2 protein chains.
Amino acid sequence: MPFNSQRAERRTDALSKARIVEAAIQILDADGEGALTFRALATRLATGSGAIYWHVADRQALLAAAADHIIAGVMSEVTMRSKPQDAIRTIALGAFDAIYAHPWIGAQLSGDPWQHAVLRIMESIGRQVQLLGMPEAALFNATTALMNCVLGVAAQHAAAARLPRNTERSAHLTAIAEGWALLDPLEYSFVRRLAAQLPGHDDREQFLAGVNLVLAGIQSIWF
Amino acid sequence: MPFNSQRAERRTDALSKARIVEAAIQILDADGEGALTFRALATRLATGSGAIYWHVADRQALLAAAADHIIAGVMSEVTMRSKPQDAIRTIALGAFDAIYAHPWIGAQLSGDPWQHAVLRIMESIGRQVQLLGMPEAALFNATTALMNCVLGVAAQHAAAARLPRNTERSAHLTAIAEGWALLDPLEYSFVRRLAAQLPGHDDREQFLAGVNLVLAGIQSIWF
DNA sequence: ACCTGAACACCGTTCAAGT
DNA sequence: ACCTGAACACCGTTCAAGT
């Protein structure tokens, strides 16, 4: 019993949205999106599965909160002193690294680009786009185009996010590469040509090239 | 009994992958991705739920086949006589229209960008990019950037795809707009500025502007 | 206010049994 | 070869009952 009943006794192990989200992230990182069940989560938190619903609306909200928690951390770390183009690259790479480190975020972001985590990224990027000083109507287009780079990598990692572990994920990638090699050489000449380039290819570099391509487009259209 | 036993008697209602995919598309179009269950599909096909597994590996393969069926139709309709930039716009708009008409395709494409339907689009776009005559190493970047536009709209429609009907989808959009209006004006100044622009905004035009932005970037970097 | 955990209403997938 | 449909092993979510 607390001797001061005005300040509620808070047990260290009391349930809270923050603790639930933290546990969810651990499960997601360790075993992928499929492993996040309310039963598994309840077991990890040593509680009943129904208790989670007191703090979180449903599974979708839980995933959104988990993604938002990580994206919020990444976006708050980004400090801006450089010129807008560099800042945009930094923000985009921050999002890329978050998706790369937590593939389930890829599935989550690309599965619902209206969720809070995506808005956070868009706000960060959009502010820098504003600084470029283009006409109002163009802001939307430019920011969306940059967001597409982020949603693109998000999608690329979405499928892998459902697999449980890194070892199985690399197997998944080689399976994809093999699938490409089996495509009809005439009907899929271009894809096969890309497939040949795939082994020595750096995801992050490729992502940055995409961002730079959009930035170049912005530059050439409005400046 | 067929009087000619060499040519197999084919009952009009015989099960086949094509018929299954067709029925699946009807369900998906009518009631969204959530409505596509093997039980519902079996009922519509007047068969047992297990029978479907004889023709389709699993639910994921069924969705991929459904998406591929529609994308294949769209891509084969695209005839190319114009210059590559125009052809790219035509292909991209074809993909856009398919996603717009069948939002579940959005969820499907963005959920797994290594599936066949996506490769189809990439092949079509990539061939035109080749015609632009840029260096080999740049082909990958340019095509991926254009694919990002497609995956971007795909993602934008992914969330709506889970809702059942058009009426509920428009309610979903206004709910999103209201959510944006409630965001902290200081922390989300940019997003709120965009939200104001949202009502009089044309998705298709916006999409095309994104494609043009990337095309302009390609032009300015390599030509 | 917050937590418990059994119960409900579903799923995808499998498989012995049929034709 | 192809189909049937009950059975299995799960889910998310609810809710009466507890503290």
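Keep in mind the model is a prediction, meaning the values are calculated, not measured. (Residues numbered from 1 in each chain as written. Chains lettered and ligands numbered in written order. Predicted model: local features only at pLDDT ≥ 70, side-chain atom pairs only at ≥ 80, totals over all residues. Heavy atoms only, no water.)

### Concerning the UniProt feature "domain: HTH tetR-type" (unreviewed entry) in chain A
Just so we agree on the cut-off: UniProt positions are given in the numbering used here, feature names are shortened, and annotations may be inferred rather than shown by experiment. Secondary structure is summarised from DSSP: a helix means a run of H or I of at least four residues, a strand means a run of E of at least two, and numbering begins at the N terminus for each.
Mapped onto this structure's residue numbering, the UniProt feature "domain: HTH tetR-type" (unreviewed entry) falls at residues 14-74 of chain A. Counted over residues 14-74 of chain A, helix gives 62% and strand 0%. Its end C-alpha atoms are 27 Å apart.

### Quick word on the protein's contact with DNA strand D
Spelled out, the test is: The cutoff for a nearby residue is simple: one of its non-hydrogen atoms must lie within 4 Å of the molecule or strand. Counting of polar contacts relies on pairs of N or O atoms within 3.5 Å, with two restrictions inside protein: one atom must be capable of donating a hydrogen and the other of accepting it, and residues adjacent in sequence are counted only when both atoms are side-chain atoms. Residue classes follow a fixed rule: Ala, Val, Leu, Ile, Met, Phe, Trp, Tyr, Cys and Pro count as nonpolar, while Asp, Glu, Lys and Arg count as charged, and any other residue, Gly among them, counts as polar.
Taken together, 17 residues lie near DNA strand D, and A:Arg39, A:Tyr53, B:Thr47, B:Gly50 and B:His55 sit nearest. Backbone polar atom of B:Gly48 to a phosphate oxygen of DNA strand D: 2.9 Å apart, as the coordinates give it. At 3.3 Å, a side-chain N or O of B:His55 approaches a phosphate oxygen of DNA strand D. When the residues that make up the surface near DNA strand D are grouped by side-chain class, the tally is six nonpolar, seven polar and four charged.

### Observations regarding the pattern of salt bridges
Residue and element names in this part refer to chain B. So the rule is basically this: A side-chain nitrogen of Lys or Arg and a carboxyl oxygen of Asp or Glu constitute a salt bridge if their distance falls within 4 Å. Any residue under 20% of the maximum accessible area for its type is buried, any over 50% is exposed, and the rest in between are partly exposed; the area is computed with a 1.4 Å probe on protein chains only.
Applying the stated criterion across every chain, the model contains twelve salt bridges over all chains. Between Arg 120 and Asp 68 there is a salt bridge, with its nearest N and O atoms 2.8 Å apart. Residue Arg 120 is located in helix α6 (residues 116-132), and its partner Asp 68 is located in helix α3 (residues 59-77); the two are separated by 52 residues in the primary sequence. Residue classification places Asp 68 among the buried positions, given a relative accessible area of 12%. Across the salt bridge formed by Arg 127 and Glu 123, the nearest N and O atoms sit 2.7 Å from each other. Here Arg 127 pairs with Glu 123, and both are found in helix α6, just four residues apart, close to one helical turn. Residue classification places Arg 127 among the partly exposed residues on the basis of a relative accessible area of 32%. On the basis of relative accessible area, Glu 123 is assigned to the buried category, the value being 4%.

### Section: the packing of aromatic side chains
To keep things clear, this is the line we draw: Within 6.5 Å between ring centres, the rings of Phe, Tyr and Trp (the latter by its six-membered ring) count as paired, and their orientation is classed by plane angle as stacked under 30 degrees, edge-to-face over 60, tilted in between.
Within this structure, the stated rule accounts for eight aromatic pairs over all chains. Here the aromatic cluster, defined as three or more aromatic residues joined through ring pairs, consists of A:Phe96, A:Tyr100 and A:Phe207.

### Describing the protein's contact with DNA strand C
In the vicinity of DNA strand C lie 17 residues, with A:Thr47, A:Gly50, A:His55, B:Arg39 and B:Arg59 positioned nearest. Within the side chain of A:Trp54, a nitrogen or oxygen atom sits 3.3 Å from a phosphate oxygen of DNA strand C. At a separation of 3.3 Å, a phosphate oxygen of DNA strand C approaches a polar side-chain atom of A:His55. Across the surface near DNA strand C, the residue classes tally to six nonpolar, seven polar and four charged.

### Brief notes about the domain arrangement of chain A
Residues and elements named next belong to chain A. The line we're drawing: For the domain bounds, the source is a domain assignment made automatically or taken from a database. Only heavy atoms enter the contact rule, under which two residues are in contact if any of them lie within 4.5 Å. Values labelled buried area give the accessible surface lost by two parts on being combined, using a 1.4 Å probe and summing over both.
Domain assignment breaks chain A into domain 1 (1-56) and domain 2 (57-222). In this structure, domain 1 and domain 2 have C-alpha centres spaced 30 Å apart. Facing 17 residues of domain 1, the contacting portion of domain 2 comprises 17 residues. Approximately 1500 Å² of surface area, both sides summed, lies buried where domain 1 meets domain 2, with 63% of it carried by carbon and sulfur atoms. Inspection of the domain 1/domain 2 interface yields one salt bridge. Arg 59 is the salt-bridge partner of Glu 33, the closest N and O atoms lying 3.4 Å from each other. At the level of secondary structure, the elements contributing two or more residues to the side of domain 1 that touches domain 2 comprise α1 (17-31) and α2 (38-44). Residues of the side of domain 1 that touches domain 2, tallied by class, amount to eleven nonpolar, two polar and four charged.

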